[in-house]
Amino acid sequence: MTHWIDTPDALRARLARPPATIGLDTEFIRERTYWPQLALVQIALDADDILLVDPLVPGMCEALAPLLADPAVLKLMHSPSEDLVAFKHTCKMLPAPLFDTQAAAALCGLGAGLGYQKLVQALTGTALTKGETRSDWLRRPLSPAQLDYAADDVRHLHALHQTLDARLQALGRAAWLAQDSARQLVDAHSDAGDRWPHLALRSAQFLDADGQRRLLRLLRWREAQARTSDRPRSWILDNDLAVTLARQAPTDPQALQAVLGATPKAPRDLRDALWQALVTPLADEAQAPLARGDDRDKRQLRALQDVVTAVAAELGLPESVLAPRRLLEGLQDGSGWTGALAGWRRAVLEPRLAPLLGD
């Protein structure tokens, strides 16, 4: 049965004695905002008892928070990174402990980045529709098609968990998933953003060191503006304009205004704040790594990739799950065995990669 929950008291009553494992998902809108607008929360107490919770009702998130935080209740979710942001921003709470069925499928050797529909089809034989993927989830009332689609998004999580957990246990990899899930929650909780966002822009590698530092200042400023105003980053300052300003380095506010005036959709109303961001050094910018192109040791990188390919084949894992190229480039750049490369990946890879990295 599917139950529409539109009062906090009704939710508290249904969750008075929660099961040890629940399926969990959200629907949200993020087209015109920086933060996801939480529009629906789906909870599968089991495959036949599904709650569709309306988070737009006052007090609903406060009623939901104890379940999210309950350490005795395992939350089954599929690729939950965006959902975690929505919960953290709206409910001030993260669902923990967490079992990510997409990550679990990858560690079982079923493939990297499998969508929910494909995984359900592969493990249960059930074909799900995708008809409501782009629905307006903020409208009320939701249509019967929307309700059915939302319920299906959690209906099969218990079955997926049962199969995947058994496979992980047989492979001795349950601890691997636990490490990855814990790191995902820590990252979502810190909500610090990318410290070096310029590294994600390919065009940054064509700027000199001063230009890259200016770009870093602009991107950090953009992130702060987007969060404060709850607007998409590109609405504040798009990547192309940020790179142009970092490269040209306008010498005064009037020169900046000239660039903005010649650029469609430029943030002219933010000119003064943009100028201050451009010319004000960051306290840590001297520590910023430089975006690099093809100047790394290509033979070394190829050797590192060959080892990852061999180890991935031995473990039956996708190479991208074990260590994608960007992480290997980080090792070349001296970032060390941190982040995703810590824990089980380090234990598996370091003995074979360390001789290739040298000191």
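None of the values given here were measured: they were computed from a predicted structure.

Undergrad: Can you help me understand the overall build of the protein in this one?
TA: Each helix and strand in the protein was counted, giving 17 helices and six strands. Overall, the C-alpha framework of the protein stretches about 65 × 55 × 35 Å when taken along its three principal axes. When the 359 residues of the protein are sorted by exposure, 45% land in the buried category. Residue pairs in contact within the protein that sit at least 24 positions apart in sequence constitute 65% of those at least 6 positions apart. When the accessible surface of the protein is totalled, it reaches about 17700 Å², and 52% of it is carbon and sulfur.

Undergrad: What's the story with the sheet that holds strand β6 (residues 98-100) in this structure? I'm lost.
TA: Paired through their backbone hydrogen bonds, the strands of a sheet run either parallel or antiparallel. Here six strands make up an open sheet; going across it, the order is β1-β4-β3-β2-β5-β6 and the pairing mixed. Looking at which strands have only one partner, the edges of the open sheet turn out to be β1 (2-5) and β6. Between one strand axis and the next, the sheet turns through 25° on average, direction left out of account. Summarising the sheet, strand β2 (residues 21-29) and strand β3 (residues 37-46) pair through seven bridges and their orientation is antiparallel. When the sheet's bridge partners are listed, Leu24 is paired in β3 with Ile43. The strands touched by helix α2 (residues 60-69) are β1, β2, β3, β4 (49-53) and β5 (74-77); relative to β3, the strand with the most contacts, the crossing angle is about 50°. Along the sheet, helix α6 (residues 144-155) makes contact with β1, β2, β3 and β4, crossing β2 at roughly 140°.

Undergrad: Whenever I open this one, the side chain of Gln102 confuses me. Can you help?
TA: By secondary structure assignment, the location of Gln102 is in helix α4 (residues 101-107). Within polar-contact distance, the side chain of Gln102 engages the side chain of Ser79 at 3.3 Å. Setting aside residues up to four positions removed in sequence, Gln102 forms contacts with His78, Ser79, Gly113, Leu114 and Gly115.

Undergrad: Is there a simple way to think about helix α3 (residues 81-91) in this case?
TA: Owing to its 3.6 residues per turn, the α-helix aligns residues three or four sequence positions apart on the same side. Where α3 is concerned, the buried positions are Asp83, Leu84, Ala86, Phe87 and Cys91. Viewed end-on, α3 has its buried residues packed into an arc of 160°, placing them on one side of the element. Along its buried surface, α3 packs onto β2, β3, α2, β5 and α8 (174-190). The positive-phi residue at the C-terminal boundary of α3 is Lys92, with phi of around 60°.

Undergrad: What exactly am I supposed to notice about the environment of Pro351 here?
TA: Within the secondary structure, Pro351 is located in helix α17 (residues 344-357). A relative accessible area of 57% means that Pro351 is categorised as exposed. Note: C-alpha distance between Pro351 and Ser335 (16 residues apart in sequence) is 17 Å.

Cut-offs applied
Residues numbered from 1 in each chain as written. Predicted model: local features only at pLDDT ≥ 70, side-chain atom pairs only at ≥ 80, totals over all residues. Heavy atoms only, no water. Helix = DSSP H or I, 4+ residues; strand = E, 2+ residues; numbered from the N terminus. Buried < 20%, exposed > 50% of the residue type's maximum accessible area, 1.4 Å probe, protein only. Contact = heavy atoms within 4.5 Å. Areas by Shrake-Rupley, 256 points an atom, 1.4 Å probe, with all protein chains shown as cover. Pairing = 2+ DSSP bridges. Axes fitted to C-alpha atoms, helices over the stretch in contact; angles between N-to-C directions. Polar contact = N/O pair within 3.5 Å; in protein donor to acceptor, adjacent residues only side chain to side chain. Arc of directions from axis to C-beta.

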